[in-house]
Amino acid sequence: MCGRYVMARATSDLVSAFAVEQTVGADVLPSWNVAPTDDVRIVTERFSHEAPVRRLATAKWGLVPVWAKDPKIGSRMINARRETILEKPAFRKAAVKRRALVPADGYYEWEKSPEGKIPTYLYSGKQDPLAFAGLYEFWPDPALPEDHEHKWLLSVTIITTKATDALGHIHDRTPLIIPPDLYADWLDPKLSDGADVAQLLDAVPEPTLTPRVVSTEVNSVRNNGPQLIEPASA
């Protein structure tokens, strides 16, 4: 699964890396310990005046389905399994209509060992940020009037898949990472057929990531800062 990750880049860096045309929503401060229900940046592509526009938006991490009675359900929907997103009621409509990229520098997993769980930071050696595959939704707050500025809550879930053999010993699940040459296909709002989405999912290659054992300081969501991704001292 993906339950904690790093996103420490400036908005301007994300605009450049993802060819963003519009930036909407409140800015999000750099974080080396992004946790569920935090506000996060996502990249989407939606039609505006009959032309697709790529946006950098701010969403709550933890998808709230449009039919949900309470937004608290989002805390249980931070991840969506790649194998079932076209079937599960909470995700199937978003899978064909509302796909997103979730920028990240890397993410954390905890490897089980006889001595306890070992926090590990996984990242790419490339300069560009990673792009987790995500799904997003707009949830209407029934307590607010239609014209209220906070009527619609934007939320997102990160898609996970089976870990490769090289990383499977750390954890059996990993975020589905979209490579740059598939950004346009993944975000394409015209791609709305389930079979086509399934074919695109099958085309996503296995990523090459580097694991680094880090300090147990990352175990607490109260801790933050670049020291969290530094190698653990012996």
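Below is a short write-up of the structure.

Definitions and cut-offs
- Residues numbered from 1 in each chain as written.
- Predicted model: local features only at pLDDT ≥ 70, side-chain atom pairs only at ≥ 80, totals over all residues.
- Heavy atoms only, no water.
- Core = buried A, V, L, I, M, F, W, Y, C linked by side-chain atoms within 4.5 Å.
- Buried < 20%, exposed > 50% of the residue type's maximum accessible area, 1.4 Å probe, protein only.
- Helix = DSSP H or I, 4+ residues; strand = E, 2+ residues; numbered from the N terminus.
- Salt bridge = Lys/Arg side-chain N within 4 Å of Asp/Glu carboxyl O.
- Pairing = 2+ DSSP bridges.
- Axes fitted to C-alpha atoms, helices over the stretch in contact; angles between N-to-C directions.
- Contact = heavy atoms within 4.5 Å.
- Arc of directions from axis to C-beta.
- Polar contact = N/O pair within 3.5 Å; in protein donor to acceptor, adjacent residues only side chain to side chain.
- Patch = residues over 30% accessible without salt bridge, like charges linked within 9 Å, V, L, I, M, F, W, Y side chains within 5 Å.
- Areas by Shrake-Rupley, 256 points an atom, 1.4 Å probe, with all protein chains shown as cover.
- Phe/Tyr/Trp six-rings, centres within 6.5 Å; stacked < 30°, edge-to-face > 60°.

## Here's the deal with the nonpolar core
Then, in step 1: Among the nonpolar cores identified, the biggest contains 58 residues, and Tyr5, Ile42, Trp61, Leu101, Phe132 and Trp186 are the most heavily contacted of them.
Then, in step 2: Per element, the largest residue contribution to this core is seven residues, and it comes from strand E10 (residues 130-140).

## Looking at the pattern of salt bridges
Then, in step 1: Applying the stated criterion across every chain yields a total of nine salt bridges.
Then, in step 2: Across the pair Glu137 and Arg98 runs a salt bridge, and its minimum N-O distance is 2.9 Å. Residue Glu137 is found in strand E10, and its partner Arg98 is found in the loop between helix H2 (92-97) and strand E7 (99-104); the two are separated by 39 residues along the sequence.
Then, in step 3: In this structure, the salt-bridge partner of Lys151 is Glu146, at a minimum N-O distance of 3.8 Å.
Then, in step 4: Looking at Lys151, the relative accessible area reads 5%, which means it is buried.
Then, in step 5: Residue classification places Glu146 among the exposed residues on the basis of a relative accessible area of 62%.

## Let's talk about the sheet that holds strand E3 (residues 31-34)
Then, in step 1: The strand order across the open sheet built from five strands is E3-E1-E8-E9-E13, with neighbouring strands paired in antiparallel fashion. The open sheet terminates on both sides in strands that have one partner only, identified here as E3 and strand E13 (210-213). Each neighbouring strand pair of the sheet contributes to a mean axis angle of 30°, computed without reference to strand direction.
Then, in step 2: Across two bridges, the pairing between strand E1 (residues 5-7) and E3 is antiparallel. Within E3, the residue paired with Tyr5 across the bridge is Val34.

## Brief notes about the environment of Phe18
Then, in step 1: Mapped onto the elements, Phe18 comes out in the loop between helix H1 (11-17) and strand E2 (22-23).
Then, in step 2: A C-alpha to C-alpha distance of 9.2 Å links Phe18 and Arg55, two positions 37 residues apart in sequence.
Then, in step 3: With near-sequence residues (within four places) excluded, Phe18 lies in contact with Val43, Arg54, Leu101, Pro103, Pro129, Leu130, Ala131 and Tyr183.

## Here's the deal with the pairing of strand E9 (residues 116-123)
Then, in step 1: Relative to E9, strand E8 (residues 106-113) is paired through eight bridges, and the arrangement is antiparallel. Each bridged residue has a counterpart across the sheet, and for Gly106 the counterpart in E9 is Tyr123.
Then, in step 2: Following E8, the chain reverses through two residues before pairing antiparallel with E9.
Then, in step 3: Pairing between E9 and E13: four bridges, direction antiparallel. The residue of E13 that forms the bridge with Leu122 is Pro211.

## Comments concerning helix H4 (residues 194-203)
Then, in step 1: The complete set of buried residues in H4 reads Val197, Leu200 and Leu201. Looking straight down H4, one finds that the buried residues subtend no more than 100° of arc, so they occupy a single side. Turned more than 90 degrees from where H4 packs its buried face, Ala195, Gln199 and Asp202 sit exposed.
Then, in step 2: Against H2, E7 and helix H3 (183-187) lie the buried residues of H4.
Then, in step 3: Regarding H4, its N-cap is Asp193, as a side-chain oxygen of that residue lies 3.0 Å from the backbone nitrogen of Ala195 further along.

## A short note on a nonpolar patch on the surface
Then, in step 1: A cluster of nonpolar side chains, contributed by Val66, Trp67 and Trp152, occupies part of the molecular surface with about 360 Å² of accessible area.
Then, in step 2: As for its position among the elements, Trp67 is in the loop between strand E5 (51-61) and strand E6 (79-81).

## Description of the packing of aromatic side chains
Within a pair of aromatic rings, the relevant descriptors are the distance that separates the centres and the angle that separates the planes.
Then, in step 1: Applying the stated criterion across every chain yields a total of eight aromatic pairs.
Then, in step 2: Between Tyr5 and Trp61, the ring centres sit 5.2 Å apart and the planes meet at 70°, which makes this aromatic pair edge-to-face. Of this pair, Tyr5 sits in strand E1 while Trp61 sits in strand E5; the two residues are 56 residues apart in sequence, bridging distant segments of the chain.
Then, in step 3: Classification of Tyr5 by relative accessible area gives buried; the value is 1%.
Then, in step 4: The exposure class assigned to Trp61 is buried, which follows from its relative accessible area of 1%.
Then, in step 5: Centre to centre, the rings of Tyr108 and Trp110 are 6.3 Å apart; their planes meet at 45°, and the pair counts as tilted. Considered together, Tyr108 and Trp110 belong to a single accessibility category, that of buried residues.

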